[in-house]
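Given next are the chains, with one letter for each unit.
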Amino acid sequence: MKFTPFLVVSLAYRPSQFLIQADFATKDDQNDIDVGSHRNQELLEQIPIAFVKAIQRLDENIDLRHEWMKYLPQTYDDPLIRKGYWTDLCHRIKDKMKTARLLRQLDGVTISEIERFKRFPHQAIDDDKNPIFEVPVPVILPSKAYSEPNLDLLTDYGLKFLTSAEILTGISSDLKKHDSRMKSPATSEQWHTAAANLLVSLLQSAETDISRNIKEMELIPLVNGTWVKACDVLGSVCFASIDGIAIPEDLSLALISPMANRNNARAALFRELGAKEPLISDIRQYIFDRYPASEAVNPTPGDIGLTEDISIKHLRFLYLTHNRGKVNMKDFRRLAVFTEGSALKRPALEDVYLFNHSNKYRTKRYSMLVASFDVERLSSCYYKADWQQEAAWINWLRTAIGIHTHLKLIDNNGPTPILRELTSHKSDKLLGVLQSQGREIKLAMKNYPNLRNEIADALVPCGGRLVELSNTYVPLPKLVISSSAFLPPANSFPFLDFSDTLAPTNLSAWEFLWRNFGLNDENDMIFYLDILQTIARDDYDGRYGEAAPDRAFDLYKLLYRKVGGTAVDKGLEYLRLVLINPEINQRLT
């Protein structure tokens, strides 16, 4: 039988998560200790010493080395520590623990006093317990082997968090490095997310100085590659797009890099730093203001610092937002565009054309048709972008900007120099332009009646020579068949050639010619007399040989049967003046 010299008494109050075995002096009823006892007061000094030694023994155990803090008394223990002797004992234990060598450093070997250590707040470390920003000042950090919940238990025992100011020194130090982790394009999005969350938590703290200091750091990456301080771009810093529509970067705004903004945590940080999403109407006005208000002259690229790339971005934003607010056409008159010669032209001041914007057959043919005209042509950079729907984009360029997609034949003063050039010097292009812009020509002739005669009198290439348009023929099947009975395949009869037009085979597209400009569409006397004249003209050198007189005589007999002798005689009086083949002339007489 074992004998113990101690009287084991179960107290009415258990002071902590561990057992204290000591020779306490108890009250007479033995239900609690006698707090006034000299022995118990002496134990207040000795128990903390023994406690520290016990923890040091736990540290020597590899399984408990990083878990011993679970057994420390805490202010929130249940039941709560009773005030008086027991709370005094807990305070003495904590004080003793603070100065005891109990906590292992990062190397896992060196042991130092708890009060010498500092730890990063939870939001200042990543998932691997590495600090997001290294702190440049000397700091002793606990081993990573300790779990964060276990380190939380040492808060009352002297383990402190780094202050916000100390963390800011680490952020500031990183931003100043040439290999800054914050500014490096190689840094992971996971790290940026953690860094942004840390900065947001610091900004949202009640410390005014901390918030001000953060806003004085270069934390905002812009689209031009620079990093700026929030305090330097107050009121002008904003996100680089609105509803997915990119804002041109040349405006008087500090536009945040879209790549950085894709990260939701970083976007939240930028908002905390004052970033806004501007109004569409404001951006449109910023774009208009990039161009001089005076409409008298064309600006130069150097004067306003404009490039083709920026110009495209201006028009792109205006196009994609054209139905998102009021439109003031006076603002659009300020805009200028680049032409093929890299000149900057205002469409409101000088006509600018867009012809070869498509691979479609009609558009390509029209482009070839007008290729020789000396007009300002819109730079190809505007219609090679892949973001627009071609038809809608071209229509907007035409209606909003004033770009022409067809030759301007009529203006407020009547026929334009281009139309004069067509009728006078570019008759080979006249037919194609008339057909493609027939509706415009018809409307113009109502307002300018003389235009009809001007076009009808224009000389056009026909049968290897120039013929007045009103004296030509559309190659209708019935006319071609009738003429082939008297003319060889190669002849100079004035059939129009539509091969270089937008409607080379669709004869119905040319109906407006004989309805408006006096062309004959019937195989009547005039038609056959023109055939007779063709025979005489083509046979001036005897190329028809003996067949020419026979063909002419057969044609005369046909005319006599169709219209009668009197009418034929009147027609022949005219022909005798122009026919130069004496044999034909003699046969007809």
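Small disclaimer: the values here were computed from a predicted structure and weren't measured. (Residues numbered from 1 in each chain as written. Predicted model: local features only at pLDDT ≥ 70, side-chain atom pairs only at ≥ 80, totals over all residues. Heavy atoms only, no water.)

**What to know about the overall build of the chain**
Stated formally: Secondary structure follows DSSP: runs of H or I at least 4 residues long count as helices, runs of E at least 2 residues long count as strands, and numbering of each begins at the N terminus. Residue contacts follow a heavy-atom distance rule, with two residues in contact if any of their heavy atoms lie within 4.5 Å. Areas reported as accessible are Shrake-Rupley estimates using a 1.4 Å probe. Residue values count occlusion only from the protein chains shown.
In terms of helices and strands, the chain carries 24 helices and 18 strands. Here the contacts in the chain between residues at least 6 apart in sequence split such that 67% fall between residues at least 24 apart. With an accessible surface of roughly 31300 Å², the chain has 50% of that area assigned to carbon and sulfur atoms.

**Section: helix 16 (residues 427–436)**
Rules: Partly exposed residues are those whose accessible area sits between 20% and 50% of the maximum for their type, while under 20% is buried and over 50% is exposed, using a 1.4 Å probe and protein chains only.
Most of helix 16 sits out of view: nine of its 10 residues are buried. Along helix 16, the residues classified as buried are Ser427, Lys429, Leu430, Leu431, Gly432, Val433, Leu434, Gln435 and Ser436.

**A short note on the side chain of asparagine 40**
To be explicit about the condition: Definition of a polar contact: a pair of N or O atoms within 3.5 Å, with one able to donate and the other able to accept a hydrogen when the atoms are protein atoms, and with sequence-neighbouring residues admitted only if both atoms are side-chain atoms.
Its location among the elements puts asparagine 40 in helix 1 (residues 38–60). A distance of 2.8 Å separates the side chain of asparagine 40 from the backbone nitrogen of alanine 25, its partner in a polar contact.

**A closer look at the pattern of salt bridges**
Counted only if it meets this: Here, a salt bridge means any side-chain nitrogen of Lys or Arg that lies within 4 Å of a carboxyl oxygen of Asp or Glu.
Taken as a whole and judged by the stated rule, the model has 23 salt bridges. For aspartate 289, the salt bridge identified is with arginine 334, shortest N-O distance 3.4 Å. Here arginine 334 lies in the loop between helix 12 (329–332) and strand 11 (337–338) and aspartate 289 lies in the loop between helix 9 (280–288) and helix 10 (301–304), a separation of 45 residues in the sequence. Residue classification places aspartate 289 among the partly exposed positions, given a relative accessible area of 46%. What emerges from the salt-bridge pattern is a single network uniting Glu45, Asp88 and Arg92.

**Concerning unusual backbone geometry**
Backbone geometry places lysine 129, a non-glycine residue, at a positive phi of 70°. Taking the relative accessible area as the measure of exposure, lysine 129 reaches 28% and is therefore partly exposed. The backbone of aspartate 243 shows a phi angle near 55°, a positive value even though the residue is not glycine. Within the secondary structure, aspartate 243 is located in the loop between strand 8 (241–242) and strand 9 (245–246). A relative accessible area of 55% places aspartate 243 in the exposed class.

**A closer look at the nonpolar core**
Across soluble globular proteins, nonpolar side chains show a tendency to be buried alongside one another. Inclusion rule: Grouping buried Ala, Val, Leu, Ile, Met, Phe, Trp, Tyr and Cys residues that are joined through side-chain atoms within 4.5 Å yields what is termed a nonpolar core.
In terms of nonpolar packing, the biggest core is built from 55 residues, with Leu407, Leu409, Leu469, Leu496, Leu513, Phe517 and Ile531 touching the most fellow members. Dropping the residues within four chain positions of it, leucine 513 is found in contact with Leu431, Leu434, Leu469, Val474, Leu496, Phe498, Gly518 and Leu519. Core analysis: the next-biggest nonpolar cluster, separate from the first, contains 43 residues, Leu198, Leu202, Leu203 and Ile220 among them.

**As for the confidence of the model for the chain**
Caution applies to low-pLDDT parts of the model: their predicted coordinates are not meant to be read in detail. Selection rule: On a range of 0 to 100, pLDDT expresses the predictor's confidence in each residue.
When pLDDT is averaged along the chain, the result is 84, and 87% of the positions lie at 70 or above. Predicted confidence is poor over residues 577–581, with pLDDT under 50, and the contacts of this stretch with residues over four places away or in other chains come to nine contacts.

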